[in-house]
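Topology and contacts: notes
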Amino acid sequence: MARPIWKGSISFGLVNIPIQLNTAVREKTVSFHMLSKDGTCRLRRKLYCPDTGKEVDFSDTTRGIEVGKDEYVIVDAKEIDKIKPEKGKTIEIEQFVKLEEIDPIYFDKAYYIAPADGSSKAYKLLVEAMNHSGRIALARFVMRERQNLCSLRVVGDGIILHTMHWPDEVLDIEESLPSTIAKQKTAAKEMQIAQQLIEAMTKPLKLGDYHDDYREKLEKLIQAKAKGKDTTEVYDEVEEVDTPRKINLMDALKRSLAANKPTRTTRHPRRKSA
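All values derive from a computational prediction rather than experimental measurement.

**What about the pattern of salt bridges?**
Tallied over the full model, the rule gives 6 salt bridges. Of the charged contacts, one joins glutamate 128 and lysine 124 as a salt bridge, the two residues approaching to 3.7 Å between their closest N and O atoms. On the criterion of helical spacing, the pair formed by glutamate 128 and lysine 124 is a turn pair, its members being 4 residues apart in helix H2 (residues 120–133). Relative accessible area serves as the criterion here: at 36%, lysine 124 is assigned to the partly exposed category. Salt-bridge contacts for aspartate 251 lead to arginine 255; the nearest nitrogen and oxygen are separated by 3.3 Å. Residue aspartate 251 and its partner arginine 255 are both found in helix H6 (residues 249–259); the two are separated by 4 residues, about one turn of the helix.

This is the structure in C-alpha cells:
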C-alpha cells in the first residue's frame, strides 16, 4: 500500500471510518536552477533592505499585509496560531449531492482514500451506499494547518477525495468576457457546419494518447547534453508553428470539416474463381 500523506477518519453520521489519504496525481515538470554563467556554481537569493542595502537574516523577519502604499499591518505568529483551524483528524461529511451539481471549476487536487486500521468493512459499506445513491459527499477537513472544502466520490471499489476551491475564490466568467460578445450573431449555416465539425471530431476517449510534448522533448535534450551526445535530432523533432492570422470563419469551418472527415475505403468485388 502507498505511503499515506494524511491519516484520520471519515465521519458519516455517527459512524467513524479510519482512513488514510494517498497521492493520486504526481505532476511532472522540469525544474531549472539559477547558476553562474559557466554553470559551476548554484546561486542563492538573499534578503536585503532596498533602502539601506543591508542584508537581513530570515530569523529577523516578520509577516505583514500591505493595506496602502508602503503601509503594512504586522501580524504576529502567535496571533495567527490563535485563529488557525484545529488540527482535527476527521473528514466530516456534511451533505450528499449529485456530481453534476458541482461545476468542475471548483475541483482542485485529488487524493485516493484508503481504509486503515481494519476498517475495510465500514469503508466498503460507505462505497456501496454512495454508489447505490448515485451521489457524492461534500465535507470539510484540516490538512497542513489549512481548512479544506472537499468532495468524496466513488470510483470502482474506492473513494477519491477532491479538495475544492471555496465559492468566493471562483471568479464570475462574465468578468473575463468582452462586452461585445452578447451582441454577436451566429449565422445558421455557420452553426450547422460547426455542429458537423463537432460530430466529426467526436471519438472514444483515450487519454493515454495525450502527451506533454514539450516536457518529453526537454527531457530528451537534457539527457543528450548530460551524455555529451549530439542534440540535432532533438531540435529536428520540434515543429515550427505558423503565426495565427485572421481568416474567414466560414472558410475555416469548411476546411476543418473536410480535414476531419473519415476516409472511405473502396471495396472491390471478389473475382469468381474459374
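**Comments concerning the packing of helix H3 (residues 188–200) against H6**
At a closest axis distance of 9 Å, the pairing of H3 and H6 adopts a crossing angle of 25°. Considered as vectors, H3 and H6 are oriented roughly parallel to each other. Like other packed secondary-structure pairs, H3 and H6 cross with a definite hand, here left-handed. Here Lys189, Glu190, Ile193, Ala194, Gln196, Leu197 and Ala200 of H3 lie close against H6, whose contacting residues are Leu249, Met250, Leu253, Lys254, Ser256 and Leu257. Looking at the contact of H3 with H6 residue by residue, the class counts come to 8 nonpolar, 2 polar and 3 charged.

**Some remarks on H2**
The periodicity of an α-helix, 3.6 residues per turn, causes residues three or four positions apart to be oriented the same way. With 14 residues, H2 extends 20 Å between its outermost C-alpha atoms, agreeing within 8% with the 20 Å of an ideal straight helix rising 1.5 Å per residue. For H2, the set of buried residues is Tyr123, Leu126, Val127 and Met130. Projected down its long axis, H2 shows its buried positions confined to an angular sector of 100°, all on one face. Seen from the buried face of H2, the exposed residues on the opposite side, beyond 90 degrees, are Lys121, Leu125 and His132.

**Some points on the packing of aromatic side chains**
Taken as a whole, this structure holds 2 aromatic pairs when the rule is applied. Taken together, a centroid distance of 5.3 Å and an interplanar angle of 75° make the contact between tryptophan 6 and phenylalanine 141 edge-to-face. You can see tryptophan 6 sitting in strand E1 (residues 6–12) and its partner phenylalanine 141 sitting in strand E7 (residues 136–143), a full 135 residues away along the chain. As far as burial versus exposure is concerned, tryptophan 6 and phenylalanine 141 are alike and both buried.

**Details of the pairing of strand E2 (residues 15–23)**
Here E1 runs beside E2; their pairing, made up of 7 bridges, is antiparallel. If you follow phenylalanine 12 over to E2, its bridge partner there is valine 15. Adjacent in sequence and paired antiparallel, E1 and E2 are bridged by 2 residues, among which glycine 13 carries a positive phi angle near 65°. In this sheet, strand E6 (residues 107–115) lies alongside E2 in antiparallel orientation, the contact comprising 5 bridges. Residue pairing across strands places glutamine 20 opposite alanine 114, the latter belonging to E6.

**A few points about H3**
In a regular helix each residue adds 1.5 Å, so 13 residues correspond to 18 Å; H3 covers 18 Å between its end C-alpha atoms and thus fits that length. If you check which residues of H3 are buried, you get Glu190, Ile193 and Leu197. Viewed along the axis of H3, the buried residues span an arc of 70°, placing them on a single side of the element. Relative to its buried face, H3 has exposed residues pointing more than 90 degrees away, namely Ala188, Ile198 and Glu199. Close packing links the buried residues of H3 with H6.

**Things to note about the nonpolar core**
Among the nonpolar cores identified, the biggest contains 21 residues, and Ile10, Ile91, Ile113, Leu152 and Leu161 are the most heavily contacted of them. Mapped by element, the contributors of at least two residues to this core are E1, E2, strand E5 (90–97), E6, H2, E7, strand E8 (146–155) and strand E9 (158–164). The residues touching leucine 152, leaving out its near neighbours within four places in the chain, are Ile10, Ile91, Ile93, Ile113, Met130, Ile136, Ala137, Ala139, Ile159, Ile160 and Leu161.

**Here's the deal with the sheet that holds E2**
Reading around the circumference, E1-E2-E6-E9-E8-E7-E5 is the order of the 7 strands in this closed barrel, with mixed pairing throughout. Each strand of the sheet is rotated relative to its neighbour by a mean of 40°, with strand direction disregarded.

**Some details on a nonpolar patch on the surface**
Taken together, the side chains of Phe32, Tyr214 and Ile222 make up a nonpolar region of the molecular surface, amounting to roughly 370 Å² of accessible area. Position of phenylalanine 32 among the secondary structure elements: in the loop between E2 and strand E3 (63–68).

**Notes on the environment of threonine 180**
Inspection of the secondary structure assignment puts threonine 180 in the loop between E9 and H3. Looking at threonine 180, the relative accessible area reads 43%, which means it is partly exposed.

**Here we look at unusual backbone geometry**
The phi angle at aspartate 70 is positive, at roughly 55°, despite the residue not being glycine. Among the structural elements, aspartate 70 can be located in the loop between E3 and strand E4 (71–75). In this structure aspartate 70 comes out as exposed when scored by relative accessible area, which is 61%. The phi dihedral of glutamate 145 is positive, around 60°, even though this residue is not glycine. Inspection of the secondary structure puts glutamate 145 in the loop between E7 and E8. Classification of glutamate 145 as partly exposed rests on a relative accessible area of 40%.

Rules used throughout
Residues numbered from 1 in each chain as written. Predicted model: local features only at pLDDT ≥ 70, side-chain atom pairs only at ≥ 80, totals over all residues. Heavy atoms only, no water. Salt bridge = Lys/Arg side-chain N within 4 Å of Asp/Glu carboxyl O. Helix = DSSP H or I, 4+ residues; strand = E, 2+ residues; numbered from the N terminus. Buried < 20%, exposed > 50% of the residue type's maximum accessible area, 1.4 Å probe, protein only. Axes fitted to C-alpha atoms, helices over the stretch in contact; angles between N-to-C directions. Parallel < 35°, antiparallel > 145°, perpendicular 65-115°, else oblique. Left-handed = near helix turned anticlockwise from the far one by under 90°. Contact = heavy atoms within 4.5 Å. Nonpolar A, V, L, I, M, F, W, Y, C, P; charged D, E, K, R; others polar. Expected span 1.5 Å × (residues − 1). Arc of directions from axis to C-beta. Phe/Tyr/Trp six-rings, centres within 6.5 Å; stacked < 30°, edge-to-face > 60°. Pairing = 2+ DSSP bridges. Core = buried A, V, L, I, M, F, W, Y, C linked by side-chain atoms within 4.5 Å. Patch = residues over 30% accessible without salt bridge, like charges linked within 9 Å, V, L, I, M, F, W, Y side chains within 5 Å. Areas by Shrake-Rupley, 256 points an atom, 1.4 Å probe, with all protein chains shown as cover.

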